[in-house]
Amino acid sequence: MSSRFAVFVGILMLTSLRLATIAALRKFGAFSLVANSNWRQQRLLILCYHGTSLEDEHLWRPLLYITPQKLEQRLEYLKNEQYSVLPLADGLQRLHSGTLPPRSVVLTFDDGTYDFFRQAYPLLKRFGFPVTVYQTTYYTSVEQPIFNLICSYMLWKLRGEVISGGKDLGISDLLDLRTDSSRVAIVRALVELSERENRTGPQKGEIAAQLARVLRIDYDQLRAKRIVQLMNARELQEIANNGVDVQLHTHRHRTPEDEALFRKEIQDNRAAIQKVTGTQPVHFCYPSGVHQPAFLAWLRKELVLSATTCDAGLATRRTESLLLPRFIDHQNRTQLEFESWVTGVGSLVAVRRKAAQRR
Ligand SMILES: [Zn+2]
């Protein structure tokens, strides 16, 4: 056996051992024991979702999407197992005052994509669960697909092919769509070119349309489906009027390392949300989970009360309010894994916790 193969088998064994261990724990009642414990009642689990697939997005980006069916299954579980699904602000306040109800959970959705409005929101409404949407706002007024994502999605649609036509887009002519990394390189080249030429949102939209022509994809039809588009002002207003808590996620989905630029992202994001919803958002979520020590002071200066990360864990009273952990749920998570985390078992047994959630 080659050493590389031995390592591969070793990893497989470790993985299945871990899953088998968790399954055995559930079988022997450890899940409900932990879920109903004092230990769990002193902790708050913040669940993180991104998109719910309108079509096949979960096959393109399984770590960023979940099917509406799978989301419904999760919500059913929370309801049937009598989880206390709390509004974010309420959950944090009760965490600090030590008055959390048993099995507390908070539901958060990052980015504020159209599929939330279309699919997740009606489901949540049906279950009567409160929810926070961390809304990035630049594309809410542009009303077109997010540039890098729609390029990536279209290239994925033609995966396996090698096409010429990159020259028309200002990049190298031959477009190799056969591997993840070759497609990533094409998206990167398009994004870098757009940045170099200071292209505006609508100009980027034209490039995406041109890429669609090269790939022989009907761009108008794709746009009409609203895949990788954010909610527009009307949709955002509607969910806010119906009790969805809309909070901060930066205006352009980025966290500059310069204080003034970082704070401007918060200010622009807050102003855009306030204009549409009439509310003053004070809770923040780090885009792509990126956080640095310096950000905390800048967030405090912007009067931000809490900030969530993509680091896995349950929050306790001692957790820094501007570095709250979450469990990221997505299409590749099994029901067993989900249950292990909401009960609290997952955080006790998980190894390589941070690595498991790297995006
Ligand atoms: Zn995000």
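The structure under discussion appears in the preceding block.
What counts, and where the lines are drawn
- Residues numbered from 1 in each chain as written.
- Predicted model: local features only at pLDDT ≥ 70, side-chain atom pairs only at ≥ 80, totals over all residues.
- Heavy atoms only, no water.
- Helix = DSSP H or I, 4+ residues; strand = E, 2+ residues; numbered from the N terminus.
- Rg over C-alpha atoms; globule rule 2.2 N^0.38 Å.
- Buried < 20%, exposed > 50% of the residue type's maximum accessible area, 1.4 Å probe, protein only.
- Contact = heavy atoms within 4.5 Å.
- Areas by Shrake-Rupley, 256 points an atom, 1.4 Å probe, with all protein chains shown as cover.
- Lys, Arg positive; Asp, Glu negative; His and termini not counted.
- Charge placed at Lys NZ, Arg CZ, Asp CG, Glu CD.
- Core = buried A, V, L, I, M, F, W, Y, C linked by side-chain atoms within 4.5 Å.
- Phe/Tyr/Trp six-rings, centres within 6.5 Å; stacked < 30°, edge-to-face > 60°.
- Pairing = 2+ DSSP bridges.
- Right-handed = clockwise from strand over helix to strand, strands pointing away.

Enquirer: Now, about the overall build of the chain: what can you tell me, with residues and values included?
Expert: Secondary structure assignment for the chain yields 18 helices and 12 strands. Against the globule reference of 21 Å for 359 residues, the chain gives a C-alpha radius of gyration of 21 Å, in line with a compact fold. Seen along its three principal axes, the alpha-carbon backbone of the chain occupies a region of about 65 × 65 × 40 Å. Within the chain, the fraction of its 359 residues that count as buried is 53%. At a minimum sequence separation of 6, the contacts of the chain that also span at least 24 residues come to 69%. Surface exposure of the chain reaches about 17000 Å², of which carbon and sulfur atoms provide 52%. Averaging the positions of the 47 positive and the 36 negative side-chain charges in the chain gives two centres separated by 6 Å.

Enquirer: I'd love a proper account of the nonpolar core, names of residues and values included.
Expert: The tendency in soluble globular proteins is for nonpolar side chains to be buried as a group. Among the nonpolar cores identified, the biggest contains 87 residues, and Leu47, Leu78, Leu107, Phe116 and Ile239 are the most heavily contacted of them. Ranked by size, the runner-up nonpolar core spans 12 residues in total, among them Ile46, Leu92, Val106 and Ala315.

Enquirer: Any details on unusual backbone geometry? Residues and values, ideally.
Expert: Positioned with a positive phi, glutamate 143 is a non-glycine residue whose angle comes to about 50°. By the secondary structure assignment, glutamate 143 is in the loop between helix 8 (138–142) and helix 9 (147–157). Among the residues examined, glutamate 143 registers a relative accessible area of 42% and is labelled partly exposed. With a phi close to 50°, histidine 253 is a non-glycine residue in the positive phi region.

Enquirer: An account of the environment of leucine 107 is needed here, citing residue identities and associated values.
Expert: Secondary-structure assignment places leucine 107 in strand 5 (residues 104–111). As for leucine 107 and glutamate 265, which are separated by 158 residues in sequence, their C-alpha atoms are 24 Å apart. Not counting residues within four places of it along the chain, the set of residues in contact with leucine 107 comprises Leu47, Tyr49, Leu75, Leu78, Val85, Leu124, Phe129, Pro130, Val131 and Thr132.

Enquirer: Could you give me a rundown of the packing of aromatic side chains, with the residues and numbers involved?
Expert: According to the stated counting rule, one finds 18 aromatic pairs in the structure shown. Relative to tyrosine 121, the ring of phenylalanine 117 lies with its centre 6.2 Å away and its plane at 20°, an arrangement referred to as stacked. Highlighted residues: phenylalanine 117 and tyrosine 121, both in helix 7 (residues 114–127), separated by four residues, approximately one helical turn. Both residues of the pair, phenylalanine 117 and tyrosine 121, belong to the buried class. Their ring planes at 40° and their centres at 5.7 Å tell us that phenylalanine 295 and tryptophan 298 sit as a pair that is tilted.

Enquirer: How would you sum up the pairing of strand 5? Please name residues and give values.
Expert: For strand 5, a buried count of eight out of eight residues is recorded, marking the element as mostly surrounded by other parts of the structure. Looking at chain direction, strand 1 (residues 45–49) and strand 5 are connected through five bridges and run parallel. By the bridge assignment for strand 5, tyrosine 49 is matched with phenylalanine 109. Inspection of the sheet shows strand 4 (residues 84–85) paired to strand 5 by two bridges, in the parallel sense. Paired with valine 85 across the strands is valine 105, a residue of strand 5. Bridge count for strand 5 against strand 6 (residues 132–135) is four bridges, and the pairing is parallel. Directly across from threonine 108, in strand 6, lies its bridge partner threonine 132. In this region the chain leaves strand 5, passes through helix 7 and returns to the parallel neighbour strand 6; the handedness of that crossover is right-handed.

Enquirer: Tell me about the pairing of strand 1, and please be specific about residues and values.
Expert: Among the five residues that make up strand 1, five are buried, leaving the element largely enclosed by the rest of the structure. Of the two faces of strand 1, the one lined by Leu45, Leu47 and Tyr49 and the one lined by Ile46 and Cys48 are each fully buried. Across two bridges, strand 1 lies against strand 12 (residues 327–328) in parallel orientation. Note that in strand 12 the partner of leucine 47 across the bridge is phenylalanine 327.

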